[in-house]
Amino acid sequence: MVAQRTCPECGTRFGPDAPEGACPACALRSALDAGRGDGEVSELGTAGGPLRQDRPLEGQRFGDYELLGEIARGGMGVVYRARQLSLNRLVALKMILAGRLASTAEVKRFQVEAETAAKLHHPNILAIHEVGVQDGQHYFSMELVEGRDLAALVREHPLPARQAARYTKAIAEAVHYAHEHGVLHRDLKPSNVLIDQSDEPRITDFGLARQLEDDSEVTRSGQVLGSPNFMPPEQAAGRRREVGRRSDIYSVGALLYHLVTGRPPFVAETVQATLAAVAQSEPLAPRALNARVPRDLQTICLKCLEKSPARRYGTAKELAEELERFINGEPVLARPVRVPERVWRWCRRNPAFATMLALSGFLALLITFGSLGAAWWLSRAHEAEKRARLRAVAAENAARAEAQRSREVARFLQDMLYAVGPSVAQGRDTRLLREVLEETNKRLESELQDQPQVEADLHNVLGRVYAELGDFRAAEVSQRRALALESQVRPVDPAKGAAILSDLADALGREGEYLEAEMLTREVVVRQMDLHGQVHGEVALALNNLGNILWRQGNMPAAEPIYCAALGVYRQLPNADQGKLAGVLGNLGNLYGAEGRPAEAEPMFRQALSVQEQVYGPEHPIVAKTLSNLANSVLGQGRLDEAEVLFGQAVALRRKILGEAHPDLAISLHNLARVFEGQGKLAQAEATEAEALAMRRNLLGEEHPDTVLSLRSLAGILSAEGEAARAEGMAREALDIRRRHPGYQNQDLAQSLHDLAMVLAQEQQLAEAEALEREAIAALQPFGGVNHPYYPIAHDYLIKLHEREGKASEAESLRQEPVESKGPMRGSVPVSK
């Protein structure tokens, strides 16, 4: 009998083969909490020294505060649960995410938020306790609300109409109070409203607030600030002078819309598309999404969402009074109420008296027309009802027959698409397959418009086949359509919805849309755990996918425990899918390699490769991927000749299986070029990387992360060949892409800064090189600072630049700073699935 152990933290029993003795239950909790930034605390100045990522957050001191845990983080700030020691009270402590490295604009905006919120004292606005600076780190403390925000409250289902109206009324009253004190919020949305223990809403996050009379430069940049889904048209269009009190009223209406329908008024595939919809389109009526929404509440909501501010409520107080009328069952003022409707409303407010009058009227009718007339009328009604019932049965039978025929056609199409998919085609020409996909796509909506489940299934299959072909944009479009159709199916199938969501997240991740992919994948983890519990194959697969997307973002400290959690779940399953278990082993190997631990990665890949060759056969895309990753781990250990052989095998196998143009083939070509570069075969390295770059530009687009990776690699090769001018052009192109892409605000940006600094130093442009290297170090601060594996390389190179510039004291000062072991600075390998 296998001995079991008990986790000292949570009491869960688990087997001895959990990874590194870890408790799978604790690992799962770590996986779900990782999105809040656990293990990624910024380096902040404190009374006891900087906060450190390498020791627990609990108990660390920050001035008068003891930090107890992280609550949330956003684009600029991070919020901690803390104890104020001098007053012995629990508070929420907010700091600038960039710490002491924050820009002047970030500090100014942070101060505006603190000062604005501090002067507002209203029961439905979160109270500010203290505003200050500790060792260069700006912060403010505020009331701690132990509750969920409205976004979390609505995530499972829309709120009942009266509850939504009550919350919105309180929010509108608080907004009116803020307006009366000269403050616009400008970023009202469900996640910025907390529900306290008294079930009252509390508005927070005045990060984009503005004084009504203020014209400060902090809010005058050309960028659109705020949350697009809840933003009024004038703010979305950047018409700053039109933004006023009625703009906040629009956002309150959008928030009400979200509460009663479960989604914002406008949802689109991109931020730009959402902004365009806000400016140009009319929102779908709430009752079209939720038939239980009362007409009066819909009227109130749509009046708030008018495109023209003049047609909205004049003040937030008027909106609150209108909602009060709705809650009390009185007529609202937003539209005239006809006499029959007034009678109906009166009956609803006086049900007992109305029932008595109705009975009296019915008795009077019987007396007036006589029992014979009444019996004749009832007989006619019964016959009409019988005929309608027969017609309904006939229509239902016809619909069942049509649905069965549609399902059979769909099943045939699914089998056909899978039968000729790239995994089976083994490198043959896929043009016919693409023609079949396009034709199927065209016919779906016209021929299956009354069969949402069948159409959803087929779009899901189309998306998966497009993904196999490496056409991730087409895969995304198909999966979004499948998800929209699945939401229309009744009864709801949660398992199918989660599967489609997972496929959509995978397509987005492969496109480089990391932030949305991570959000969707976390949602899949939660759904699978709700469906199956913690120990199930679908949970393990979802965790593995979450680890993948975190790894792709460079968030390796968060990815590792998630992979371990997935591995722990698979090892607890009696009949685990060996192919998927091998995939997790391969992903752990990738992570170890990215962290500069290739010797630990190699056995993971060899074990995974052995399992996959047995499960899938020797000629399969997954086998080729693991072969390429194994070669990478060998390369990381300096065995260049062996790596060349393995990468050569991977390239040949992928050409055979996937054809001459596929993203995965480009990966192997890129890695083979790295080997040639390491061997000094620069001409071969340049030709191989150029082929990978051309393939990625054509298949993935100019701004895809893998395209940028090839740009960086080719710049390094050209620099080694002495072609500094060409190298500088490519390095600048890669850096420009990463600067403007929000998904690159991590160590990827630091890598491109370092690349260009090296090229410029080669051209004796030392001042600009130094500035870039300093920027690279600053970019790593929110992601572990000195503990980040890429930090030592940027740190050491900055020392060399100082020495070349004759800045001996600055170089010596940097040498005294603590630095961890080095990790690779250039080149990475996409993870396996």
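Residues numbered from 1 in each chain as written. Predicted model: local features only at pLDDT ≥ 70, side-chain atom pairs only at ≥ 80, totals over all residues. Heavy atoms only, no water.

Observations regarding the packing of helix H15 (residues 452-469) against helix H17 (residues 494-511)
The contact between H15 and H17 brings their axes to 10 Å, and the two run at 30°. Taken together, the axes of H15 and H17 are roughly parallel relative to one another. The way H15 lies across H17 gives a crossing that is left-handed. Residues Gln453, Asp457, Asn460 and Arg464 of H15 lie in contact with H17, whose contacting residues are Lys496, Ile500 and Asp503. For the contact of H15 with H17, the class distribution of residues is one nonpolar, two polar and four charged. (Axes fitted to C-alpha atoms, helices over the stretch in contact; angles between N-to-C directions. Helix = DSSP H or I, 4+ residues; strand = E, 2+ residues; numbered from the N terminus. Parallel < 35°, antiparallel > 145°, perpendicular 65-115°, else oblique. Left-handed = near helix turned anticlockwise from the far one by under 90°. Contact = heavy atoms within 4.5 Å. Nonpolar A, V, L, I, M, F, W, Y, C, P; charged D, E, K, R; others polar.)

A few points about the nonpolar core
Generally speaking, a soluble globular protein has its nonpolar side chains buried in company with each other. In terms of nonpolar packing, the biggest core is built from 66 residues, with Leu150, Ile171, Leu259, Leu297, Leu319 and Phe326 touching the most fellow members. Sort the elements by how many residues they give to this core and helix H4 (residues 161-180) lands first, with 10 residues. Core analysis: the second largest hydrophobic core is formed by 65 residues, Leu501, Val525, Cys564 and Ala582 among them. (Core = buried A, V, L, I, M, F, W, Y, C linked by side-chain atoms within 4.5 Å. Buried < 20%, exposed > 50% of the residue type's maximum accessible area, 1.4 Å probe, protein only.)

Looking at helix H10 (residues 316-327)
Given a rise of 1.5 Å per residue, 12 residues ought to cover 16 Å, and the 16 Å separating the end C-alpha atoms of H10 matches this to within 8%. Against H4, helix H6 (245-261) and helix H9 (295-304) lie the buried residues of H10. Directly after H10, the chain includes Gly329, whose backbone phi takes a positive value near 75°. (Expected span 1.5 Å × (residues − 1).)

Details of the packing of aromatic side chains
Counted according to the given criterion, the structure contains two aromatic pairs. Each ring, one from Phe62 and one from Tyr139, has its centre 5.3 Å from the other, and the planes form 90°; the classification is edge-to-face. One end of the pair, Phe62, is in strand S3 (residues 61-62); the other, Tyr139, is in strand S8 (residues 137-143), with 77 residues separating them in the sequence. Accessibility classification places Phe62 together with Tyr139 in one group, the buried group. Aromatic side chains Tyr65 and Tyr139 sit 5.8 Å apart centroid to centroid with 70° between the ring planes, which places their arrangement in the edge-to-face category. With Tyr65 in strand S4 (residues 65-73) and Tyr139 in strand S8, this residue pair connects regions lying 74 residues apart in the sequence. Overall, Tyr65 belongs to the buried group, its relative accessible area being 1%. Judged by relative accessible area, which is 8%, Tyr139 ranks as buried. Among the aromatic side chains, those forming a connected cluster through ring pairs are Phe62, Tyr65 and Tyr139. (Phe/Tyr/Trp six-rings, centres within 6.5 Å; stacked < 30°, edge-to-face > 60°.)

As for the pattern of salt bridges
In total, this model carries 44 salt bridges according to the counting rule given. For Arg202, the salt bridge goes to Asp196, with nearest N and O atoms at 3.3 Å. Assigned by exposure class, Arg202 and Asp196 land together as buried. In this structure, the salt-bridge partner of Arg325 is Glu322, at a minimum N-O distance of 3.0 Å. Of this pair, Arg325 and Glu322 both sit in helix H10, three residues apart, which is roughly one turn of that helix. Looking at Glu322, the relative accessible area reads 1%, which means it is buried. Ionic contacts of the salt-bridge type, sharing partners, join the residues Arg473, Glu476, Arg480 and Glu516 into one network. (Salt bridge = Lys/Arg side-chain N within 4 Å of Asp/Glu carboxyl O.)

Re the side chain of Ser247
Within the secondary structure, Ser247 is located in helix H6. At 2.7 Å, the side chain of Ser247 and the side chain of Glu234 are in polar contact. Once you skip the residues sitting within four places of it in the chain, Ser247 turns out to touch Pro232, Glu234, Glu242 and Arg312. (Polar contact = N/O pair within 3.5 Å; in protein donor to acceptor, adjacent residues only side chain to side chain.)

Overview of helix H23 (residues 621-636)
Along its 16 residues, H23 runs 23 Å from first to last C-alpha, staying within 8% of the 22 Å computed at 1.5 Å per residue. Most of H23 is tucked away: 14 of the 16 residues are buried. Looking one or two residues past H23, Gly638 carries a phi angle of roughly 85°, positive in sign.

Quick notes on the state of the cysteines
This structure, assessed with the given rule, holds zero disulfides. As a non-bridged cysteine, Cys304 has Cys301 as the owner of its nearest cysteine sulfur, 6.6 Å distant. On the basis of relative accessibility, which here comes to 1%, the residue Cys304 falls in the buried class. (Disulfide = S-S within 2.5 Å.)

Concerning the packing of helix H16 (residues 472-486) against H17
In contact at an axis separation of 9 Å, H16 and H17 are set at 155° when each is read in the N-to-C sense. Looking at the two axes, H16 sits roughly antiparallel to H17. Crossing geometry of H16 relative to H17 is assigned as left-handed. Where H16 approaches H17, its residues Phe472, Arg473, Ala475, Glu476, Gln479, Arg480, Ala482, Leu483 and Glu486 are matched on the opposing element by Lys496, Gly497, Ile500, Leu501, Asp503, Leu504, Ala507, Leu508, Arg510 and Glu511. Each residue belonging to the contact of H16 with H17 can be placed in one class, and the counts come to nine nonpolar, two polar and eight charged.

Quick notes on the pairing of strand S6 (residues 89-96)
Across the eight residues that make up S6, a large majority, six, are buried. As judged from the eight bridges shared by strand S5 (residues 77-84) and S6, these two strands associate in the antiparallel manner. When the bridges of S6 are listed, Tyr80 appears paired with Leu93. Here S5 folds back onto S6, and the loop between the two strands holds four residues, one of which, Asn88, carries a positive phi near 50°. Pairing geometry for S6 and S8, over five bridges, is antiparallel. Each residue of the ladder has a partner; that of Met95, found in S8, is Tyr139. (Pairing = 2+ DSSP bridges.)

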